[in-house]
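Residue-level listing of the chains:
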Amino acid sequence: MNAIYLALTVAILFVNSAGLAQLFQRWFGDRHIARIVGIFAICTPLFFIEHMVGLGKLGWLWPITTLAAAALLRSKLLDLSFWKAELPFIIPFVWALAWRFAYPDIDAATEHLTDLYFVSNYAAGDTLPPPDLWLPGFKFNIYYSFLPYCAALLGRWLGVGAGMAMNLSDVFIFGLLGSLAWSVASRFVANRWFKIIIVVAVIAGGTGLSPVLPKLFPGNPVAQMWGNTRFAGMFDQDIQTEFGQHLFPKLTPETAPVPGFEPRDLPLETLSYYLYLGDFHPPLGSFALVFLTLALFARLERREDEARLDERPLIFAIGASTVLPLALNVWVLPVQGLLVLGWLLYRWRGKHALQWPWLIAGGASVMVLIYPYFSEYVPNVLSTPIVLTDALDRTPLRQGLGYWWPVLWLFVLTIAQGPKQRLAWWSAWFVALIWLLAEFVTIDDPMGGRYQRFNTVLKWWSWLYPVAMLWLLSLNLMSRQLWVRCMALVPALAVSLYLIPQAYHWKSTPRIHAGRLQGDGWLRDDEGNRAILNWLRGSPRGLVLEGFDRGSYSPQTGFALHANQPSVLGWPDHINLWRNNPSFVGQRADALRALYQGQLPDAREWLKTQNVRYMVWSSFDIARAPQALPQLQTQLAPDYVWIPLYGTLPGQYGIFKRVN
């Protein structure tokens, strides 16, 4: 039954997206560009409207939009050429769906629960900014809002929960990314196999470390998957093989530049890594945005055999793409802005019409539509000055080359062809500029020490890498010179070797919750936890309290989020980072820890002052403090009644429910 339900859901999603592409194709020519422009054209105005009035549940809409999409497509659904044109979207969509189908859990591993929290905040359709599900009494008006809003909008439209919406949105974004990569490659490259190689390298490929990962971490699929992106300052310090230690010597107290120096954690997260990880982070949205921008640039590069096209809608969309990072992922605003500025300089120097009114209109339109969000968000912005990178924080040469040699290879290959290839020449120097910017400039956020550059390189390197690979590969594989095409294939095939660790991971890692796209399979494994989750799902809305061991990356709030209930407190470490360390968060966390140990004085009164309606006692709490349940039953009576849901004392699971 679950497979049938999922197949129908995917079919509805595809028909609607294809209808949207058909509707907007008349202005953009390319259906892959049209699809994502149509999505932004729907989501951005709704984001504006819902800051004025929340629209609530929208499940009644999908039958109407599906019928409208089917009417737009008409006989195309039976036309083989239509399905061939959709393959660049369908194949990466199915690829991503296979990953999410196999590994759908939204759990305490990495930041799955944080992502679910972001999406869940928007799932009810409240007026924006919505109530904060991790901090009662506060609004959810912190950064990174637009992508989770779009995911929740998808869930509200389909009538599915936040977990299902998050996993489906992840899959859908990869369909968009693959189709946009194909769109870019197709404007420059005629050979079908070359286009496939480009898309595979960008969507499923890794970094320059891909060819040596099996030699660095033999027999360890997890290290091979993580080592691709979290290498410098992390996995490079755990290499055990003689080959790996010779290639990347471990930092020791003797080789440290200063006493007490820690290797700098410098991550470069590729698209394939995000798919493996299952995190639904805002960079996924900024990848889609920059791929759209590149596709628009490519579309505006005229072919001799092509009729003159109306540039105005494309220029308008480019203007919009410059401003949208303010709501989507503000970290990439500088690099996205420099990308558009560099393209404008290239066009101006080439004496192309710039269509300034349409460019400005696109940016101004988006600015107006996100202004309500911006006005709520700006007062909560943390101070993050821009500073020059200290010499100690610079990228180690070997690790830097390990990541970046494919891009460096393409840069040298492009420059070697000379400035007569204007677009390639300008593009190569732009890539160099952004890389140097990320190397010598740091956004000085509250993190420091080994994490001083963490967020800067995480956001800028991860943005630049797929941009450079997609764009420079396409420009070099269009060359008429055989040696250039052959040389360009080297980095493309090298990064594609990351498919080997992916296959190894797939083969060696159990898929125990396959198909459970709601993401709650990890909770439902335990019969008692499943009973608690089902009970909360069927109960009136109220604040849920859950115990925890750590300030983050804990199962805490898993029950509440998967049951669509608000929590008394989310992950304290994350809340402190987002809210500038308010003292009451630490005090609440300390009280919560003491409560679950049975050591909080006036526990019943504390729960009442926090307006707790449900207190969870699950397998996680039994493992932490098995002796505490009888004490809590005594401390919390008579205001909280114990509802046993599984097992017998002292190993009983259940809920404390407030009765007055």
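Since this is a predicted model, take the numbers as computed values, not measurements.

## Here's the deal with empty space enclosed by the protein
The gaps of empty space that remain are located by a probe, the size of a water molecule, rolled over the atoms.
Item 1. Tallied over the entire structure, the rule returns 5 cavities of 30 Å³ or more.
Item 2. A volume near 70 Å³ is recorded for the largest cavity.
Item 3. In terms of lining, the largest cavity is formed by Ala 201, Val 202, Gly 205, Gly 206, Thr 270, Leu 271, Tyr 465, Pro 466 and Met 469.
Item 4. Contributing elements (two or more residues each) for the lining of the largest cavity: helix H8 (192-203) and helix H20 (454-477).
Item 5. By residue number, the principal contributor to the lining of the largest cavity is H20, which donates 3 residues.

## Some thoughts on the packing of helix H2 (residues 31-49) against helix H4 (residues 80-102)
Item 1. Two elements in contact, H2 and H4, have axes separated by 10 Å at closest approach and are oriented at 60 degrees. As the angle between them shows, H2 and H4 are arranged oblique. As for the relative orientation of H2 and H4, their crossing is right-handed in sense. Residues Arg 31, His 32 and Arg 35 of H2 lie in contact with H4, whose contacting residues are Phe 82, Ala 85, Glu 86, Pro 88 and Phe 89.
Item 2. Considering only residue class, the contact of H2 with H4 consists of 4 nonpolar, 1 polar and 3 charged.

## Examining the sheet that holds strand S3 (residues 543-545)
Item 1. Read across the open sheet, the 4 strands follow the order S3-S4-S6-S5; overall the sheet is mixed. Both outer strands of the open sheet, S3 and strand S5 (640-646), are each paired with one neighbouring strand and no more. Within the sheet, the average angular offset between the axes of one strand and its neighbour, ignoring direction, is 25 degrees.
Item 2. Taken strand by strand, helix H24 (residues 527-537) contacts S3, strand S4 (612-617), S5 and strand S6 (653-658), and its axis lies near 25 degrees from that of S6.
Item 3. Against the sheet, helix H27 (residues 583-596) touches S3 and S4, its axis set at about 55 degrees to S4.

## Section: the pairing of S6
Item 1. Judged from the 4 bridges that link them, S4 and S6 form a sheet pairing that is antiparallel. In the sheet register, Trp 617 faces S6, and the bridge partner there is Gly 654.
Item 2. As defined by bridge partners, S5 adjoins S6 across 6 bridges and the pair is classed as antiparallel. Counted as the bridge partner of Trp 642 is Phe 656 from S6.
Item 3. Between S5 and S6, which follow one another and run antiparallel, lie 6 residues, and Gly 647 among them has a positive phi close to 80 degrees.

## Focus: helix H14 (residues 312-323)
Item 1. Here H14 contains 12 residues, and its C-alpha end-to-end distance of 17 Å stays within 8% of the 16 Å for a straight helix at 1.5 Å per residue.
Item 2. Among the 12 residues of H14, 9 are classified as buried, and the element is accordingly described as predominantly covered.
Item 3. Those residues of H14 that fall on the buried side of the exposure criterion are Pro 313, Leu 314, Ile 315, Ala 317, Ile 318, Gly 319, Ala 320, Ser 321 and Val 323.

## A word on the packing of aromatic side chains
Item 1. The final tally for this structure, using the stated rule, is 50 aromatic pairs.
Item 2. Ring geometry for Phe 47 and Tyr 149: centres 5.0 Å apart, planes at 55 degrees, overall tilted. Of the two residues, Phe 47 sits in helix H2 while Tyr 149 sits in helix H6 (residues 146-158), which places them 102 residues apart along the sequence.
Item 3. The exposure class of Tyr 149 is buried, given its relative accessible area of 1%.
Item 4. Aromatic pair Tyr 274 and Phe 287: ring centres 5.9 Å apart, planes at 70 degrees, arrangement edge-to-face. Of the two residues, Tyr 274 sits in helix H12 (residues 271-277) while Phe 287 sits in helix H13 (residues 282-300), which places them 13 residues apart along the sequence.
Item 5. With relative accessibility at 1%, the residue Phe 287 sits in the buried group.
Item 6. Seen from the ring of Trp 27, Arg 26 lies directly overhead, with NZ or CZ sitting 5.4 Å from the centre.

About the criteria used
- Sequence order sets the numbering: in each chain, residues are counted from 1 along the sequence as written.
- Only residues with pLDDT of at least 70 get local features here, since the model is predicted, and only at 80 or more are side-chain atom pairs given and counted; chain-wide, interface and lining totals rely on the full set of residues.
- Note that the side-chain values use all heavy atoms of the structure and ignore hydrogens as well as water.
- Each cavity reported here is a set of points on a 1 Å grid over the protein atoms alone in which a 1.4 Å probe fits but cannot get out, each pocket an open set with protein on both sides within 12 Å along at least five of seven lines, and each lining residue one with an atom within 4 Å of a point.
- Grid points are joined across faces, edges and corners, and a volume is the space filled by probe spheres set on the points.
- Secondary structure elements are taken from DSSP: a helix is a run of H or I of four residues or more, a strand is a run of E of two residues or more, and numbering for both begins at the N terminus.
- Lines fitted to C-alpha atoms define the axes here, with helix axes fitted over just the stretch in contact, and angles between the N-to-C directions of these axes take values from 0 to 180 degrees.
- If an angle is under 35 degrees, it is roughly parallel; if it is over 145, roughly antiparallel; if it lies from 65 to 115, roughly perpendicular; otherwise it is oblique.
- Take the far helix as the reference: if the near one is turned anticlockwise from it by less than a right angle, the crossing is left-handed, and if turned clockwise, right-handed.
- We call two residues in contact whenever any of their non-hydrogen atoms come within 4.5 Å of each other.
- Here the nonpolar group is Ala, Val, Leu, Ile, Met, Phe, Trp, Tyr, Cys and Pro; Asp, Glu, Lys and Arg are the charged ones; every other residue, Gly included, is treated as polar.
- Whether two strands pair depends on DSSP finding at least two bridges between them.
- One fewer than the residue count of a helix, multiplied by 1.5 Å, yields its expected span.
- Only protein chains enter the accessibility calculation, which uses a 1.4 Å probe; a residue is then buried when its area is under 20% of its type maximum, exposed when over 50%, and partly exposed in between.
- Here a Phe, Tyr or Trp ring, Trp counted by its six-membered ring, pairs with any other such ring whose centre lies within 6.5 Å, and the pair is stacked when the planes are under 30 degrees apart, edge-to-face when over 60, and tilted otherwise.
- Comment: the charge-over-ring label is applied if NZ (Lys) or CZ (Arg) is within 6 Å of the ring centre and within 35 degrees of the ring normal.

Function cannot be read off these values alone, since they describe shape.
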